[in-house]
Amino acid sequence: MQPYQIGSTDWIKQELAGLLGQQVTRDIDEIIRLYSLYDGDGQRWQVNTNGLDYTPTVKVTNIIAELIGKEARYMMGVEPELRIVPKEKDNQAAQANADVIGSWLTALLEEQKWSKKLLDAAKDCFIGKRVALKLTGKRGGRLGIQFRPSLEFCLYTHLRAHETDSYLVCRLLLEKKK
């Protein structure tokens, strides 16, 4: 193994490749490249002003971000409908409980600015191929809703001993260990 230069990030890539595999690190590089294009970094250019008696105007228009924004607004133009349905449909008490939970969920989503977060998540999904929904909270406290872009989590399709095969498990890599 070769020694690393001070300030080099090559060791990070090598460690991730060992932990996650070469394909994951290639995907990460591709996603970083796509975010760079989305952010407009790929649209800067130098203008040769030699022989000119004026400074040309350079208008940078980020068409990629504009198209992704339009596509996300189109896809999320109608919010998904979330309904709580009791198992026992003829049971009025169960329906009343489902209605209370539905009202709580609707209020929570409005408080958490669900529509904007969903729109931003769609943009991240178009660029980075996937997003993860993260719920946070403490017993007796408020529930938090976040979408995390694909660079902040790794998708695992294998299961640990305590997990069942009915769940696809997403584990956040960048979470603090508690």
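Residues numbered from 1 in each chain as written. Predicted model: local features only at pLDDT ≥ 70, side-chain atom pairs only at ≥ 80, totals over all residues. Heavy atoms only, no water.

A closer look at helix α2 (residues 22-39)
For step 1, the next point in the chain: An ideal rise of 1.5 Å per residue puts 26 Å on 18 residues; α2 measures up with 26 Å between its terminal C-alpha atoms.
For step 2, the next point in the chain: All buried positions along α2 are accounted for by T25, I31, Y35 and Y38. Down the axis of α2, the smallest arc covering the buried residues is 135 degrees, so these residues share one side.
For step 3, the next point in the chain: A positive phi of about 95 degrees marks G40, the residue just after α2. (Helix = DSSP H or I, 4+ residues; strand = E, 2+ residues; numbered from the N terminus. Expected span 1.5 Å × (residues − 1). Buried < 20%, exposed > 50% of the residue type's maximum accessible area, 1.4 Å probe, protein only. Arc of directions from axis to C-beta.)

A look at the side chain of K123
For step 1, the next point in the chain: Positionally, K123 belongs in helix α5 (residues 114-128).
For step 2, the next point in the chain: Buried within the structure, K123 lacks any salt-bridge partner; D120 is the closest side chain of opposite charge, at an N-O distance of 4.1 Å. (Lys, Arg positive; Asp, Glu negative; His and termini not counted. Salt bridge = Lys/Arg side-chain N within 4 Å of Asp/Glu carboxyl O.)

Here we look at the confidence of the model for the protein chain
For step 1, the next point in the chain: Averaged over the protein chain, the pLDDT score is 77; the fraction of residues at 70 or greater is 72%.
For step 2, the next point in the chain: Counted against residues more than four places away or in other chains, residues 165-178, with its pLDDT under 50, gives 30 contacts. (pLDDT = per-residue confidence, 0-100. Contact = heavy atoms within 4.5 Å.)

A short note on the nonpolar core
For step 1, the next point in the chain: Core analysis: the biggest nonpolar cluster contains eight residues, these being L105, L108, L109, W114, L118, A121, I145 and F147.
For step 2, the next point in the chain: For this core, the secondary structure elements donating two or more residues are α4 (92-111), α5 and β2 (144-149).
For step 3, the next point in the chain: Beyond its immediate sequence surroundings of up to four residues, A121 is in contact with V131 and F147.
For step 4, the next point in the chain: In this structure, I31, Y35, Y38 and I68 belong to the second largest nonpolar core, which totals six residues. (Core = buried A, V, L, I, M, F, W, Y, C linked by side-chain atoms within 4.5 Å.)

Quick look at unusual backbone geometry
For step 1, the next point in the chain: Notably, K113 is not glycine yet its phi reads approximately 60 degrees, a positive angle.
For step 2, the next point in the chain: When you line up the elements, K113 lands in the loop between α4 and α5.
For step 3, the next point in the chain: The backbone of K129 shows a phi angle near 80 degrees, a positive value even though the residue is not glycine.
For step 4, the next point in the chain: Positionally, K129 belongs in the loop between α5 and β1 (131-136).

Quick word on the pattern of salt bridges
For step 1, the next point in the chain: As enumerated under the stated definition, the model contains five salt bridges in all.
For step 2, the next point in the chain: In this structure, the salt-bridge partner of R33 is E30, at a minimum N-O distance of 2.8 Å. Of the two residues, R33 and E30 are both situated in helix α2; the distance of three residues between them amounts to about one turn of the helix.
For step 3, the next point in the chain: Under the relative-accessibility criterion, R33 is labelled partly exposed at 43%.
For step 4, the next point in the chain: Residue E66 is joined to K70 by a salt bridge in which the shortest nitrogen-to-oxygen separation is 3.5 Å. Of this pair, E66 and K70 both sit in helix α3 (residues 63-75), four residues apart, roughly one helical turn.

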